[in-house]
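Analysis of the macromolecular model
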Amino acid sequence: MLARSYPTRLMCMKIRIVGLLLLGLIAGFGANAQVWLIGYAPGSQGDSVAVFRVSDFLSETRTKIATVPIDDRGSFELKIITEETQVWQLQIQGRYATLVVQPNSKYPFTFPLVKELKARTLFDNQVELEVQRGTETSDINAILTSFNSRLASKFDDYAMDFSYKYSTGSSSFVNSRKGELVKSGMVNEEDEATVSANVDPDFMHRVKEFRGVIEQNYASAFEDPFFVDYVNYSIAQLELYAGRDRWEIYYQYLNNLPVKVGNPEYMHFFRAFYGGMFSGFASDGKNTEVVRTINGRRDAYKLDSVLAVRRYMEDRDVRQMATLVNLQSLYHDRSWSSEAIKTTMEHALTLEEYKNCHSHIESVLGRLTFGSAGDKLLDFRMLDNSEEIVHLSDYAGKFVYIGFFADWCGDCYREMELLEKYKSKYGADIEFVSISLDDSYERFISFVQMNHNMDWTFLYGPSEERLRDIFAIRAVPMFILIDPNGRLMYDYTRKPSEGINLEFDRITKRSATDNRIKVWDD
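This structure is a prediction, so every number in the text was calculated from the model and none was measured.

1. A word on the overall build of the protein
Helix and strand counts for the protein come out as 18 helices and 14 strands. The buried share of the protein, taken over its 522 residues, is 50%. Taking as baseline every contact in the protein between residues at least 6 positions apart, the subset at least 24 positions apart corresponds to 69%. Per element, the accessible surface of the protein, about 24,400 Å² overall, is 49% carbon and sulfur.

Have a look at this one:
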């Protein structure tokens, strides 16, 4: 995604999650405990809000809970029974907000419009709910805001030290300067490529002091396991980046403890601890067995056996989750075989030894292979610019070239300008569809009206609540080509500027050199 150092990206993700409003802790747990949403969405009268539960921060799988209409005053209410802390995502058209809810809690809030920005990305459609002050949840919001503010401040004080320790502790850094580091005493010649712990004692004292302040000030919140884990693994990340001995961290936070994919901070910490491990094996001549087992043998049982004797891999459940995290991150790495990774994960699903991890493997594998050639798309239901409902099934028996765009995306506009020429040449054989990812239907309509010369079908993507579940959209502009049976034709589909006309020529059985339209690179 964004090219940032890992610690900085981690804090940005943390701030987003916390801005996600972790509301209403400790309201009395028990059977038939109710969550009550009381929302106000100005400018969204007559729309609806979709509510999803995010239960897995490894694969980011979400499950739809409900769809609630917004009345002509912009208000909506929802009551749902839950017996545990859950992370919810709320969606109104193309806007998203996240809410962590506790049983027996009431949440009055305003769902704001997206702020205008000079430069935007798809992630700017994420907004922060504005919680009503003077409600029963206001104190806990203050607690959470205070906690994260203190944590961010603590991180900022040591950010430069963290970055240095993290980069100089990498295996690539050690391997490149092994001789100097051995002489300096930072690395033993016979040891694996890791730098010994070099923690500022003053920092660890501050961490211990910080934890004590948090536990004292937020004592009531610590009755909630979700909040306890959120705090513990946030602090664990500070200790990890500070250079605390990894064995100490492993035994305190990971070994013989449950894997908690449902807590965002646990997964942030877990990825920080184990992420990049297999990449390190690939660059380290002593660990090629892991690489051979994946790329060559594609044997999950052998892989687990090889990893069982590695550092920080004693606990089987943790080891297999670390394996999954690394395979997930390497799937799109060209130095590894995506097919081999896929086969290894499929093999793991057949093994009893991986039974505790089967559901997570299935979720990750489903996300990784989502949008591959041959996949049949779910039948979507979207509004066009005339407020008519359009289904994918309406195009049965036809080739369909679909592009995803947003009105703020300059590259999208340039692709569509070229698409105009392709439409005139191939429009008799191929259907052209552009799907907007704008945060509001009004923005979408305004774009279409301003570009009336683009005479193909325009649809408003967020009018389909399952948009993210139907299409693997990672950025815009993005294009897909669908065959007459509703299946994706390619893992990656060329943009107009990348020569998609060559595929159109093949489809329409025309000569690729017959009056070929130039692409941007020409």
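2. Structural notes on the state of the cysteines
Going through the model one piece at a time under the given rule, you end up with one disulfide. What pairs with cysteine 409 in a disulfide is cysteine 412, and their sulfur atoms sit 2.4 Å apart. Taking the torsion about the sulfur-sulfur bond, which here is approximately 85°, the covalent link between cysteine 409 and cysteine 412 counts as right-handed. Given a relative accessible area of 8%, cysteine 409 falls into the buried group.

3. Brief notes about the sheet that holds strand 3 (residues 61-69)
The strand order across the open sheet formed by four strands is 3-2-5-6, and the pairing between neighbours is antiparallel. Each edge of the open sheet is held by one strand with a lone partner, namely strand 3 and strand 6 (95-101). For this sheet, the mean inter-axis angle between neighbouring strands, taken without regard to orientation, is 25°.

4. Some words on the packing of aromatic side chains
If you walk through the whole model with that rule in mind, you get 38 aromatic pairs. The interplanar angle of 20° and the centroid separation of 5.7 Å between the aromatic rings of tryptophan 247 and tyrosine 251 together place this pair among those described as stacked. Separated by four residues within a single helix, tryptophan 247 and tyrosine 251 lie in helix 7 (residues 246-253), roughly one turn from each other. A relative accessible area of 42% places tyrosine 251 in the partly exposed class.

5. Observations concerning the packing of helix 6 (residues 225-242) against helix 8 (residues 264-274)
Contact pair helix 6 / helix 8: the axes reach a minimum separation of 8 Å and the direction vectors enclose 25°. One element, helix 6, and the other, helix 8, form an angle in the roughly parallel class. As helix 6 packs across helix 8, the resulting crossing turns out to be left-handed. Residues Phe226, Tyr230, Tyr233, Ser234, Ala236, Gln237, Leu240 and Tyr241 of helix 6 touch helix 8, and the partners they reach there are Pro264, Glu265, Tyr266, His268, Phe269, Ala272 and Phe273. A per-class count over the contact of helix 6 with helix 8 returns eleven nonpolar, three polar and one charged.

6. Description of the environment of glutamine 328
Inspection of the secondary structure assignment puts glutamine 328 in helix 12 (residues 316-330). Remark: the alpha-carbon pair of glutamine 328 and isoleucine 361, spanning 33 residues in sequence, is separated by 9.5 Å. Apart from residues no more than four positions distant in its own chain, glutamine 328 is found in contact with Leu58, Ser59, Arg271, Val364 and Leu368.

7. Digging into the environment of serine 44
With respect to the helices and strands, serine 44 occurs in the loop between strand 1 (34-40) and strand 2 (48-56). For serine 44, a relative accessible area of 0% puts it in the buried group. Leave out the neighbours within four places in its chain, and serine 44 touches Ile70, Ile92 and Arg95.

8. Things to note about the sheet that holds strand 11 (residues 399-405)
If you trace the six strands from one edge of the open sheet to the other, you get 10-9-13-12-11-14, paired in mixed fashion. The open sheet terminates on both sides in strands that have one partner only, identified here as strand 10 (389-391) and strand 14 (478-482). Averaged over all pairs of adjacent strands, the angle between their axes in this sheet comes to 35°, without regard to strand direction. For strand 9 (residues 381-384) and strand 13 (residues 457-460), the ladder comprises two bridges, and the chain directions are antiparallel.

9. Examining the pairing of strand 1
Residues Val35, Leu37 and Gly39 of strand 1 are buried on one face, while the alternating residues Gln34, Trp36, Ile38 and Tyr40, pointing to the opposite face, are not. The sheet contact formed by strand 1 and strand 4 (residues 75-81) spans seven bridges and is antiparallel. Residue valine 35 lies in a different strand from strand 4, and its bridge partner there is isoleucine 80. With six bridges joining them, strand 1 and strand 7 (residues 105-110) adopt parallel strand pairing.

10. Some words on the pattern of salt bridges
Tallied over the entire structure, the rule returns 19 salt bridges. We note a salt bridge from lysine 64 to glutamate 465, for which the minimum N-O separation is 2.3 Å. On the criterion of sequence distance, the pair formed by lysine 64 in strand 3 and glutamate 465 in the loop between strand 13 and helix 17 (467-470) is long-range, its members being 401 residues apart. The class of lysine 64 is partly exposed, set by a relative accessible area of 42%. For glutamate 248, the salt bridge identified is with arginine 244, shortest N-O distance 3.0 Å. On the basis of relative accessibility, which here comes to 43%, the residue glutamate 248 falls in the partly exposed class. Beyond isolated ion pairs, a larger network of salt bridges with shared partners links Glu239, Arg244 and Glu248.

11. Some words on unusual backbone geometry
Here the residue pair valine 476 and proline 477 is connected by a cis peptide bond, since its omega of 0° sits within 30 degrees of zero. Position of proline 477 relative to the elements: it lies in the loop between helix 17 and strand 14. The backbone of glutamine 93 shows a phi angle near 50°, a positive value even though the residue is not glycine. If you trace the backbone, glutamine 93 turns up in the loop between strand 5 (86-92) and strand 6. For glutamine 93, a relative accessible area of 13% corresponds to the buried category. Of note in this structure, arginine 298 is not a glycine but carries a positive phi near 55°. Along the polypeptide, arginine 298 turns up in the loop between helix 10 (288-297) and helix 11 (300-307).

12. Considerations on the side chain of aspartate 224
When you line up the elements, aspartate 224 lands in the loop between helix 5 (201-217) and helix 6. One buried charged residue, aspartate 224, remains without a salt bridge, the closest side chain of opposite sign being lysine 260 at 10 Å. Reaching out from aspartate 224, the side chain makes a polar contact with the side chain of threonine 85 at a distance of 3.2 Å.

13. Some points on the pairing of strand 13
Alignment of strand 12 (residues 430-436) against strand 13, held across four bridges, turns out to be parallel. Following the sheet pairing, serine 436 is matched in strand 13 by tyrosine 460. Once the chain exits strand 12 it traverses helix 16 (residues 441-450) before rejoining the sheet at strand 13, and the crossover so formed is right-handed.

14. Some remarks on helix 11
Listing the buried residues of helix 11 in full gives Ala300, Leu303, Asp304, Val306 and Leu307. Along the long axis of helix 11, the arc covered by the buried residues comes to 160°, so they all point the same way. Capping of helix 11 at its N-terminal end is provided by aspartate 299; its side-chain oxygen lies 2.9 Å from the backbone amide nitrogen of tyrosine 301.

Rules used in this analysis
- Residues numbered from 1 in each chain as written.
- Predicted model: local features only at pLDDT ≥ 70, side-chain atom pairs only at ≥ 80, totals over all residues.
- Heavy atoms only, no water.
- Helix = DSSP H or I, 4+ residues; strand = E, 2+ residues; numbered from the N terminus.
- Buried < 20%, exposed > 50% of the residue type's maximum accessible area, 1.4 Å probe, protein only.
- Contact = heavy atoms within 4.5 Å.
- Areas by Shrake-Rupley, 256 points an atom, 1.4 Å probe, with all protein chains shown as cover.
- Disulfide = S-S within 2.5 Å.
- Pairing = 2+ DSSP bridges.
- Axes fitted to C-alpha atoms, helices over the stretch in contact; angles between N-to-C directions.
- Phe/Tyr/Trp six-rings, centres within 6.5 Å; stacked < 30°, edge-to-face > 60°.
- Parallel < 35°, antiparallel > 145°, perpendicular 65-115°, else oblique.
- Left-handed = near helix turned anticlockwise from the far one by under 90°.
- Nonpolar A, V, L, I, M, F, W, Y, C, P; charged D, E, K, R; others polar.
- Salt bridge = Lys/Arg side-chain N within 4 Å of Asp/Glu carboxyl O.
- Lys, Arg positive; Asp, Glu negative; His and termini not counted.
- Polar contact = N/O pair within 3.5 Å; in protein donor to acceptor, adjacent residues only side chain to side chain.
- Right-handed = clockwise from strand over helix to strand, strands pointing away.
- Arc of directions from axis to C-beta.

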